Amino acid sequence: MTSPYSNLADDAYWRTGVVDTDKTLWLDLCKPKFPITAEMAIATAGSCFAQYIGRTLKGQGMTVLDAEPAPAGLSEDDAKRLSYGIYSARYGNIYTPRQLRELLNDAAHDCVHADLFWQKESRFFDALRPGVEPDGFDSLSAAMDQRRTHLACVRQLLIDTDIFVFTLGLTEAWMDDQAGRVMALAPGVIAGDYDPARYRFRNFTFDELVEDLDAIYSALKTINPDIKLLLTVSPVPLTATASNDHVLAATTYSKSALRAAAGEISNTYSAIDYFPSYELVTTWAQDIPAFEANLRSVTPKMVARVMSVFSRAHNIT
């Protein structure tokens, strides 16, 4: 007597696919849709976990683009403080799909909005990436000019990119209702003033996340018809939540919705793939510690394992 589960591959069963598997290899967990080779140009963006992917690929000799390199003579510490070399452009952390969707729209149409800049004392900050210039600018015009330069770099980056790697981080965001835009950070964290009549908390739903990812892919394809999109989900928990839920429950919702949306969109398009970094870090089946004592920072050993699985799956040596 047989059933549809009688003759499946080992990775389809919990015992053989998880309990008895080699947890340094995680065979067949990642089944890439498309190759990644040293000749391909890779761009990275997203939440903080995306940094590990870019850094590892660069260390393995892959072509990881940097559209806004640090000026000559800038020290390594100052370059990092000013967000050079962290991602493929100086967009800072992009936590939500909506944030990336709006960035791509700005880049495509060279849109710089004067009301999306914050002031702190006599300094001006780009509200869409306030941490990139932590000391701010001495005038609004200087801040706006720098953003125009940034958007031009992003446009060129997308033209040059073969594979765009985007790490999904959060569903929670703060919306500027006056401008109709999502902020990178809540006003008042680095600059700006929190005005409840203007700024509103937003927790994106599964349907909204899928719609945003679909729009991201469409925007990428409009600029570069041959580009491919590789999605991951950050395993790093929320630092804090404004949802009125316990932060543990809020984290579970956020990561679950992001993972489900990434799966939905990657199942829709052949040029969108998903890499299970989130699953590798958060599974209780792991045999090494995944997080540091703060239960947020991923241990270097776990990062190395995740990237080893990624490299092996894509035949990167």
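Before any of the text, the structure's been laid out above.
In this report, the structure presented in the accompanying data block is examined. Only a predicted model underlies this, so the values are computations on that prediction, with no experimental measurement involved.

**A look at the overall build of the chain**
What the chain contains, in helices and strands, is 9 helices and 10 strands. The C-alpha radius of gyration of the chain comes to 20 Å, within 12% of the 20 Å expected for a compact globule of 317 residues. Taken along its principal axes, the extent of the C-alpha atoms in the chain is 75 × 45 × 40 Å. The proportion of buried residues among the 317 residues of the chain is 48%.

**Topic: helix α5 (residues 140–160)**
Taking 1.5 Å per residue, 21 residues should reach 30 Å; α5 reaches 31 Å between its end C-alpha atoms and fits that length. When we look at burial in α5, the residues that qualify are Ala143, Met144, Gln146, Arg147, His150, Leu151, Cys153, Val154, Leu157 and Leu158. Looking at the buried side of α5, the elements it contacts are β1 (41–46), α4 (97–109), β3 (117–120), β4 (123–126), β5 (163–168) and α6 (206–223).

**Considering the side chain of Arg129**
Mapped onto the fold, Arg129 is located in the loop between β4 and α5. Relative accessible area serves as the criterion here: at 5%, Arg129 is assigned to the buried category. At a separation of 2.3 Å, a polar atom in the side chain of Arg129 contacts the side chain of Gln146. Each residue touching Arg129, except ones within four places of it in the same chain, is listed here: Arg90, Tyr91, Gln146, Arg147, His150 and Ala184.

**Notes on the packing of aromatic side chains**
In the structure shown here, the tally under the stated rule is 8 aromatic pairs. Arranged with centres 6.4 Å apart and planes meeting at 80°, the rings of Trp118 and Tyr199 form a pair that is edge-to-face. Taken together, the positions of Trp118 in strand β3 and Tyr199 in strand β8 (residues 199–203) put the pair 81 residues apart, joining distant regions of the chain. Ring geometry for Tyr217 and Tyr269: centres 4.7 Å apart, planes at 50°, overall tilted. One end of the pair, Tyr217, is in helix α6; the other, Tyr269, is in the loop between α7 (247–268) and β10 (272–274), and 52 residues separate them in sequence. On the basis of relative accessible area, Tyr217 is assigned to the buried category, the value being 9%. Connected via pairs of aromatic rings, a cluster forms that spans Trp174, Tyr194 and Phe201. Here Arg90 stacks its cationic end above the ring of Tyr84, 4.1 Å away from the centre of that ring. When the ring centre of Phe34 is taken as origin, the NZ or CZ atom of Lys228, which lies over that ring, is 6.0 Å away.

**Let's talk about the packing of α4 against α5**
Contact pair α4 / α5: the axes reach a minimum separation of 8 Å and the direction vectors enclose 95°. As far as their axial angle goes, α5 and α4 are roughly perpendicular. Side by side, α4 and α5 meet where Leu103, Leu104, Asp106, Ala107 and Ala108 of the first sit next to Arg147, His150, Leu151, Val154, Arg155 and Leu158 of the second. Partitioning the contact of α4 with α5 into residue classes produces 7 nonpolar, 1 polar and 3 charged.

**Here we look at α6**
Between its first and last C-alpha, α6 extends 26 Å over 18 residues, near the 26 Å set by a 1.5 Å rise per residue. Listed in full, the buried residues belonging to α6 are Glu208, Leu209, Val210, Asp212, Leu213, Ile216, Tyr217 and Leu220.

**Some words on the pattern of salt bridges**
Within this structure, the stated rule accounts for 19 salt bridges. The residue Arg90 makes a salt bridge to Glu133 at a minimum N-O spacing of 3.0 Å. Remark: Glu133 occurs in the loop between β4 and α5 and Arg90 occurs in the loop between α3 (76–81) and α4; sequence separation between them is 43 residues. Residues Arg90 and Glu133 agree in their burial class; the two are buried. A single network of salt bridges, built from pairs that share partners, joins Glu102, Asp106, Asp126, Arg129, Arg147 and Arg181.

**Regarding the pairing of β5**
Of all 6 residues in β5, 6 are buried; the element is thus mostly enclosed. Of the two faces of β5, the one lined by Ile163, Val165 and Thr167 and the one lined by Phe164, Phe166 and Leu168 are each fully buried. Of the pairings in the sheet, the one linking β1 to β5 comprises 5 bridges and is parallel in character. Each residue of the ladder has a partner; that of Gly46, found in β5, is Thr167. With 6 bridges joining them, β5 and strand β9 (residues 228–233) adopt parallel strand pairing. What sits directly across from Phe164, in β9, is Leu229.

Rules used throughout
- Residues numbered from 1 in each chain as written.
- Predicted model: local features only at pLDDT ≥ 70, side-chain atom pairs only at ≥ 80, totals over all residues.
- Heavy atoms only, no water.
- Helix = DSSP H or I, 4+ residues; strand = E, 2+ residues; numbered from the N terminus.
- Rg over C-alpha atoms; globule rule 2.2 N^0.38 Å.
- Buried < 20%, exposed > 50% of the residue type's maximum accessible area, 1.4 Å probe, protein only.
- Expected span 1.5 Å × (residues − 1).
- Contact = heavy atoms within 4.5 Å.
- Polar contact = N/O pair within 3.5 Å; in protein donor to acceptor, adjacent residues only side chain to side chain.
- Phe/Tyr/Trp six-rings, centres within 6.5 Å; stacked < 30°, edge-to-face > 60°.
- Lys NZ or Arg CZ within 6 Å of the ring centre and 35° of its normal.
- Axes fitted to C-alpha atoms, helices over the stretch in contact; angles between N-to-C directions.
- Parallel < 35°, antiparallel > 145°, perpendicular 65-115°, else oblique.
- Nonpolar A, V, L, I, M, F, W, Y, C, P; charged D, E, K, R; others polar.
- Salt bridge = Lys/Arg side-chain N within 4 Å of Asp/Glu carboxyl O.
- Pairing = 2+ DSSP bridges.

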